[in-house]
Amino acid sequence: MTKKLFIKTWGCQMNVYDSARMVDVLAPLGYRPVDEPDGADMVILNTCHIREKAAEKVFSELGRLRQLKDRKAEAEDGRMILAVAGCVAQAEGEEIVARAPFVDMVFGPQTYHTLPEMVAKASRAAGSVLNTDFPAESKFDLLPEEAGSQGVAAFLAVQEGCDKFCTFCVVPYTRGAEFSRPAGQILAEAKRLVAGGTREITLLGQNVNAWHGDGPDGATWGLGRLIRALAEIDGLARIRYTTSHPRDMADDLIRAHAEVPQLMPYLHLPVQAGSDRILAAMNRKHSADDYRRLVDRLRDAKPDLAMSGDFIVGFPGETDADFAQTLKLVTEIGYAQAYSFKYSSRPGTPAAVEGAQLPDAVKEARLEALRQLLDAQQIAFNHGFVGRSVPVLFDRVGRRDGQLLGRSPWMQSVHAEADERLLGRIVEVRVDAARANSLAGTVVTGEYVTASSFQPAVTLEASA
Ligand code: SAM
Ligand code: SF4
């Protein structure tokens, strides 16, 4: 009998990937995904612990879900199994069990391959099943193969966890130590994705460019070598990877940007701050100039490389002068797109107890100033494309009839009137208008353009 599964996912792309894999693990038990929790036989909240109020959001969502669970029981429509997964579950599992005993399963990001056993236990016994282990075995060895097509643009987790211990970050505690999947396993998964219709793969990892593993040739590969091997898969038109750490940007990976046409000219390379004092307090182990030099080398290798990043404002002890260094760095680099956050104190991290915590008003003002600058850069970057043609991989139907949505090589979201038969194809689109977050265009030829034959007609300069 088919059972309804609803998963709500917060946070990063790794969580999106994990949710898709939970669907695969639960498929043999008869669960099929649905779009709303009402009436579902299982609801999983796949949570993120990166920023403040993460746990409160989960508890308020659980309050709403409890009513749906009770309603289902009263209607004698079977039982709703309620689960909390992901990084909040890992960090605050015991508190969830204590405060919300109606939750049936609480499990961390490294244990969801054991969902069938957890479901069996939860179905038998009253009370919550708590599983926040960091098991010795890798879940990747035990997960089933993907159950179906993962779409035109798919994620593939290659690396997980982090050993960097930035002083603000919970990831090393919630996701555990750095782990790289073997190359053979990744290549096999990529081939299955492509056979199922995927044309673009984004390699995922908390520190994806720290990936290293034994290649099928017996040599130790880094991410650059892995990307070259993936580029040999027939039908895989585009490769991306995220998120990278500046210290793990190996020479071969930089060269891959120059040499592998399938590797898209867009790089998310967080720097967090522009002040060396703050970078040291964050334990980033690189200076602002190291980052500048790295971006120069990347742009020497790939002149049209679009940069993206993450920034934290209001880190403990950050002065106006420190913050000015962040604005200066952003102005010099020129970002096509970036994420900026107010520092939020995370329990258990060193920065939560060190240095002067700044008032929220100061953080708010700095965030606003930084966002204005980043938004202006993004708008200037997008406006530079108006009147030019870009190769777009259409990966979704749009909200309006007859509209398709896709991405440019530089990660811009592009929409155009287009025949649905162009889904999954790379099509040349002339850009008619640019908005802050997207481009609107017209299909030029409707012909298939291969990643290697298309020479972008744009030369990008750092937008200021
Ligand atoms: N591993 C990546 C890196 O090294 O940049 C990203 C990890 S984290 C999931 C994504 C982003 O969240 C970080 O780059 C950082 O900007 C932000 N972040 C993490 N902890 C934070 C905190 N305590 N307060 C504010 N932002 C935070
Ligand atoms: Fe967090 Fe730093 Fe690791 Fe990124 S590198 S996941 S910010 S500890």
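Residues numbered from 1 in each chain as written. Chains lettered and ligands numbered in written order. Predicted model: local features only at pLDDT ≥ 70, side-chain atom pairs only at ≥ 80, totals over all residues. Heavy atoms only, no water.

Student: Before we move on, can you summarise the site of ligand 1 with the specific residues and values?
Tutor: Taken together, 16 residues form the shell around ligand 1, and within it F168, Q206, Q272, D310 and S344 come nearest. A distance of 2.7 Å separates a nitrogen atom of ligand 1 from a polar backbone atom of Q206. The separation between an oxygen atom of ligand 1 and a polar side-chain atom of R284 is 3.4 Å. Protein chains shield 90% of the accessible area of ligand 1, which is 550 Å² for the free molecule. Only β15 (306-313) and β16 (337-342) provide two or more residues apiece to the shell around ligand 1. (Near = heavy atom within 4 Å. Polar contact = N/O pair within 3.5 Å; in protein donor to acceptor, adjacent residues only side chain to side chain. Areas by Shrake-Rupley, 256 points an atom, 1.4 Å probe, with all protein chains shown as cover. Helix = DSSP H or I, 4+ residues; strand = E, 2+ residues; numbered from the N terminus.)

Student: Go over the domain arrangement of the chain, please, and point to the residues and values.
Tutor: Taken as a whole, the chain is organised into domain 1 (3-131), domain 2 (139-384) and domain 3 (388-443). Placing a centre on the C-alpha atoms of domain 1 and another on those of domain 3 gives a separation of 35 Å. (Domains from an automatic or database assignment.)

Student: Run through the side chain of D104, naming residues and quoting values.
Tutor: With respect to the helices and strands, the residue D104 is situated in the loop between α3 (86-99) and β5 (105-107). Among the residues examined, D104 registers a relative accessible area of 6% and is labelled buried. A distance of 2.7 Å separates polar atoms of two side chains, one belonging to D104 and the other to R79. At a separation of 2.7 Å, a polar atom in the side chain of D104 contacts the main-chain amide nitrogen of L82. When residues no more than four places from it in sequence are discounted, the contact partners of D104 are K69, R79, M80, I81, L82, A122, G127, S128 and V129. (Buried < 20%, exposed > 50% of the residue type's maximum accessible area, 1.4 Å probe, protein only. Contact = heavy atoms within 4.5 Å.)

Student: Quick one: what's the story with the UniProt feature "binding site: [4Fe-4S] cluster 1" (unreviewed entry) in the chain, residue by residue and with numbers?
Tutor: Following the UniProt record, one finds the feature "binding site: [4Fe-4S] cluster 1" (unreviewed entry) at C12, C48 and C87. Spatially, the listed residues are clustered: although they cover 76 residues, their C-alpha atoms lie within 10.8 Å of one another. Here C12 is to be found in the loop between β1 (3-9) and α1 (13-26). Accessibility expressed as a relative area gives 38% for C12, which makes it partly exposed. Note that C87 resides in helix α3. (UniProt positions renumbered as here; feature names shortened; annotations may be inferred.)

Student: Any details on the environment of K164? Residues and values, ideally.
Tutor: Looking at where K164 falls in the secondary structure, it is placed in the loop between β8 (159-160) and α6 (171-174). Classification of K164 by relative accessible area gives buried; the value is 16%. C-alpha of K164 to C-alpha of R284: the two residues are 120 residues apart in sequence and 7.7 Å apart in space. Once residues lying within four places of it in the same chain are set aside, the contact partners of K164 are E178, N207, H245, D248 and N283. For K164, the side chain forms a polar contact with the side chain of D248, separated by 2.7 Å.

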